[in-house]
Each structure stands twice: as C-alpha cells, then as structure tokens.
Amino acid sequence: MKNYILFLLIVLVSFPVYSSDSTSTILVKLNDALKNKAHYVRLKEERILNFKKIKSDDLTKEQEYNYNKALYTEYLKFNSDSAILYVKKNLKIATEIENPELLNLANLQLVTLYSSSGKYRESEAILKSIDKKKLSRLLLQNYYVAYREFFEHYAANSYDIKYIQQIRKYRDSLLTVLEPNTLNYKINKIQQIMSQKKLDVAEKQLLHLFKNIKEDDPQYAMITYLLGNIYETRHQLELRKKYYALSATSDIKKANKDNASLQELALVFYESGDVDMAYKLTQSAIEDALYCNVQFRTLLMSEVYSIINTVYLEKEAKRKTELQLYLLCISLLSLFLLVAIIYVYKQMKKVSRIRGELFITSQKLAELNKDITETNNQLQERNAQLSESNHIKEEYIAHFFSLCSTYINKLENYRIILNKKATAKQFDEIYKMLKSTTLVDNELEELYKNFDVIFLNLYPTFVKDFNALLIKEEQIVLKQGELLNTELRIFALIRLGITDSVKIAAFLRYSLSTIYNYRTRARNKAAVSRNDFEEMVIKIGLISVKV
C-alpha cells in the first residue's frame, strides 16, 4: 500500500500549475501540447508501467482489489479496454471474497466503460441487476453517475429529448447524495443551473472555481470546458476558444483520451475560418477516441470530421490550383528572364575577357537570385587586378629597357677590354677572364638586387604582409642590407604570377627540388590554411599597389 500511495503522489506532482494568459498565448501552449502529445502519452505509459512493477506478491485480496482499482483509474480515460480488464479482475476478487460493496462498485465502473465503448445492452443489463436500495451513500453516487453517463453516451448514438430528461433526472439525484462542500457537488450543481438557462449565475460560479483551481486538478478540464459551453451559447467566439483551448491543453498533458474539448475547439476554428487548425484538431480528437476505444466520441466526431474534411479537401484543391497557376507564372517569368539573360550575354560578348567572366558570374547570380552587391564586389576586384597587371607591365617594361641598355654598355666595355688584351697578345689574361665566374656572379647579384628594388617598389609592404601569414616563431628576419632573401624571392615571383617551380628554379639558379623544399617548408610554417597559403600570397598588396 505504501508503494501505491507513492505512485499517487508522483502522479499528483507531475503536472505544472497553470497561470492566466491571453488567448494567443494559450493557443501557443495548445500547439506545443499537440506537438508533444506522444511525449505525454509515453509519460503516462511509463507511470503505469512503473506502478505495475511495484506490485507485491503477498497482497491480500482487498489490497489487490485496491491495486487493480488504481490501475483502472489510470486507464479510465486513457485506454478503455485495459480499464475493463482490471475492473473484471476486481469483479472476480469481489465474488471470491463475497463482498457486495466491492462487487457493486466494480459493476458500476464497468457500466460506464461499457456504455462509452458502445456496449449499451451490457451496460443497461448491469444497471438493472443492481438493487439501488442496498447501496451505500457512496455507491449511490457512483450509481447515479453511471446512469447519467449511460444516457449521455446513448444520446450521442441516438438523440432524443427523453434521454436529456433522464440525464437531468440522475444529475438531480446525484446532487442529493453528494456533500455540498465538495468540488464534485459544485460542478454538478453548476451543470444543473446551466440546464435551467441561468447562464449568468453559472458563469459567476465557474469563474470563481477557475480562479481557485490548479491545472493539475482532475476537474480543471471540466471547469474550463463548461465555461466554453457558456460562451458557445452566448456566441462569444474568443472566450469560447480560450476556455476550450485551456481544457484541451489540460487533457492532452494528462494524456486524457476521452475528452470533448478538442472536438468543440475544432468547431470554433472551423466557424472562424481556420480550416487547417480545425482539421488538425479533428484528426487529433479522432485519434484519441480510437486509441481509448470511446465509441460515442467517435460517433460525435465522425459528423464533425465529415464536414471539416470536405471543406479541408476543397481548400487543398484550391491551394493546388493556385500553386499550379503560380508555377505557370513563375515558368513564364523564368522563360522571360532566360531570354533576357541570353540577349544581355550576346551584347556583353564583345567586351574584354574579364568583363565576360564577370558577366557569366552576374548571369549565375541572377539565375540563383543572389544579391547584386556580390557582383559589384567581384567587378571591383577584377578591375583592381587589371589595374595592378597594367601597372606591373609598365614598371617592368621601363626597367627592362633600362637594364638592356646597361647590359649592352657592359658588353661593349667587356668587348673593348678583350680586344685590347688580344691586340697586346695577353692571351693568359684573356683566358683567366673567360674562365672566371666573378663577372656572372656579380651580374646575378646585381640582377637580384634590381629585382628586389623593382619588386619592393611595386609592393613596399610585401615582407611585412608575408610574415603576417606565418606563425610568429617562423617569421623571416632579413640580414643587414638585405632587401629580400631566397625564400622571399621565390614567393615574390609567385606574387608576380610565376607559379611554375621550373621557371622559378631557372630564374634563381637553384635545383627544382630546392624550390619545392622552400615552398613546402613555407606552407608548413603558415599561420593560415596550408591549402590557401600561396593563394593569399598572390593577393598581397592587391588593392594598395604603389603607383
């Protein structure tokens, strides 16, 4: 029994306290609850499973009866078939221990389960077999509730004013045996007042109860549902929507599958023109009714579902037609756009190669609906590259002519010296001059110096920018008087567009493997991605070229 009490306490604290919110906030919470519906069902199943695990093997018959009764309570509005199973177990136990009180209680529980499942004959037969005079005051409450719910369920199957009269009759009888200070009495009394059309009185009492009740209370959904009924009668759509939504949210969070709020709320959204939400709620309500095997709810929902489903399908068909029209318009616009792009492409074909590339880029961006800003940025970059390329050509052409003139003068001087020595028959001196590499070495040194001066004139910040691409510990420190060293010259040539290692090796008079080693070692020292290192070297000074 201690385990049973512990289980009930877990159930009681598993739901949050609800605070008053606007209708929009309430509907947001309802949508969240619908999305997490499977989660609430899983929690319910886990609670039931955990409770089943704590059953002891040494229970007395009475304790086992109470254990089954607790499981019946959990399954009552969750799964009728399982609830029936545990009630039948209690019928067997009550018969074995010959306890009429427990037997009548189980029979009355079975009545409601049978009538909600559509077994009206079986339900009525049990009711008629019970001797009302032998029932205790507590069982009389169950008796009147069972009769009232029997006629409520039957009225859903075959509506007749006499069934409504029977419902009122047994509700009135129920009020005579309920304690006046209990919440159950107050709710039934309010329902009686509502049946007498005293809606103002009923509303006042319900709002008082609503103000003082917590969302985890089992009667919370009923109170908010009744408020929804009142505002439905008064045609107050927003209030009706609000309280039905509160009731439906509470039912979903409790995994209560036998509920009327979702159906009523579906009708509210249908009347307000929101067919999508109405369809969604109707689907959810039918799923619940089928899951719980509540036949009278299924019957009620079938009529509503038929109406809403028809309108929903019509709306979907209209959406499909509109979508086809939109697709046709988009296709025509796309065709027009394609023709326009082809025309522009043909006109732009006559411009330079760079502008052609930019046009292709612009065409792709237009086809993919990219921002025109990106095209402008790329155009600026290409123009900068053109400007830089033109400037480099001008600089190098000027230096080329200057160097050519200088080398011609040097060759002429060298020829004069050789001629003088040949005239003087100083053949040994001539041989020594021809054998010596000093002249070549000096010329190479001067060539590299000129290269360094010209390159740094074009890219004055190259050394600083190159070091910025390396990790701090591996940055290059030039010796006194050095403008560039071998490693920097290799990447200076790469910056000028000479990326072929063979050409670089020929210019610097190094072996091909040495050039590869320099390039690989520099990539390994990079503070950026190794794959992007040389690409970033090429971009050094791209915008701020010295002119």
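Residues numbered from 1 in each chain as written. Predicted model: local features only at pLDDT ≥ 70, side-chain atom pairs only at ≥ 80, totals over all residues. Heavy atoms only, no water.

Enquirer: Can you help me understand helix α9 (residues 161-177) in this one?
Expert: Each α-helix winds once per 3.6 residues, and so residues spaced three or four apart point in a common direction. Compared with an ideal rise of 1.5 Å per residue, which puts 17 residues at 24 Å, α9 spans 25 Å between its outermost C-alpha atoms and is within 8% of the ideal. Three or more residues of α9 are buried, namely Tyr163, Ile167, Tyr170, Arg171, Ser173, Leu174, Leu175 and Val177. (Helix = DSSP H or I, 4+ residues; strand = E, 2+ residues; numbered from the N terminus. Expected span 1.5 Å × (residues − 1). Buried < 20%, exposed > 50% of the residue type's maximum accessible area, 1.4 Å probe, protein only.)

Enquirer: Whenever I open this one, the packing of aromatic side chains confuses me. Can you help?
Expert: Any pair of aromatic rings gets described here by the distance separating the centres and the angle formed by the planes. Within the structure shown, the criterion is met by 24 aromatic pairs. With 4.9 Å between their ring centres and 25 degrees between their planes, Phe51 and Tyr67 make a pair best called stacked. On the criterion of sequence distance, the pair formed by Phe51 in helix α3 (residues 37-53) and Tyr67 in helix α4 (residues 61-75) is long-range, its members being 16 residues apart. Comparing Phe51 with Tyr67, the two get one shared label, buried. Seen from their ring centres, Tyr144 and Tyr170 are 6.4 Å apart, and the 40 degrees between their planes marks the pair as tilted. In this pair, Tyr144 is assigned in helix α8 (residues 137-157) and Tyr170 in helix α9, connecting sequence segments 26 residues apart. Assigned by exposure class, Tyr144 and Tyr170 land together as buried. Grouped by ring-pair contacts, the aromatic residues Tyr448, Phe451, Phe455, Tyr459, Phe462, Phe466, Phe491, Phe507 and Phe533 constitute a single cluster. The positively charged end of Arg521 is found above the aromatic ring belonging to Tyr518, 5.0 Å away from the centroid. (Phe/Tyr/Trp six-rings, centres within 6.5 Å; stacked < 30°, edge-to-face > 60°. Lys NZ or Arg CZ within 6 Å of the ring centre and 35° of its normal.)

Enquirer: Sorry if this is basic, but what is going on with the nonpolar core here?
Expert: As a rule of thumb, nonpolar side chains are buried together in soluble globular proteins. Tyr65, Leu108, Leu110, Leu127, Tyr143, Tyr144 and Phe151 are the most contacted members of the largest nonpolar core, which totals 48 residues. Put simply, the parts of the chain that give this core at least two residues each are α3, α4, α5 (80-96), α6 (100-116), α7 (120-129), α8 and α9. Among the elements that line this core, the one with the most residues is α8, at nine residues. Of all hydrophobic cores here, the second largest spans 41 residues; its members include Ile26, Tyr225, Ala245 and Phe269. (Core = buried A, V, L, I, M, F, W, Y, C linked by side-chain atoms within 4.5 Å.)

Enquirer: Whenever I open this one, the pattern of salt bridges confuses me. Can you help?
Expert: A pair can form between side chains of opposite charge whenever their charged atoms are brought close. The tally for this structure, following the rule as stated, stands at 17 salt bridges. The partner of Arg234 in a salt bridge is Asp200, and the shortest N-O contact between them spans 2.4 Å. One end of the pair, Arg234, is in the loop between α12 (220-233) and α13 (237-253); the other, Asp200, is in helix α11 (residues 199-212), and 34 residues separate them in sequence. Given the relative accessible area of 25%, Arg234 is considered partly exposed. Taking relative accessible area as the criterion, Asp200 reaches 58% and is therefore assigned exposed. We note a salt bridge from Asp288 to Lys257, for which the minimum N-O separation is 3.2 Å. Here Lys257 lies in the loop between α13 and α14 (261-271) and Asp288 lies in helix α15 (residues 275-292), a separation of 31 residues in the sequence. There is no split in this pair, since Asp288 and Lys257 are both buried. (Salt bridge = Lys/Arg side-chain N within 4 Å of Asp/Glu carboxyl O.)

Enquirer: Just to check I follow, could you spell out the confidence of the model for the protein for this structure?
Expert: Reading fine detail from the predicted coordinates is not recommended where pLDDT is low. Overall, the predicted model of the protein reaches an average pLDDT of 81, with 80% of residues at or above 70. Here residues 1-19 scores under 50 on pLDDT; set against residues more than four positions off or in separate chains, the count is 29 contacts. The model gives residues 543-547 a pLDDT under 50, and that stretch makes ten contacts with residues more than four places away or in other chains. (pLDDT = per-residue confidence, 0-100. Contact = heavy atoms within 4.5 Å.)

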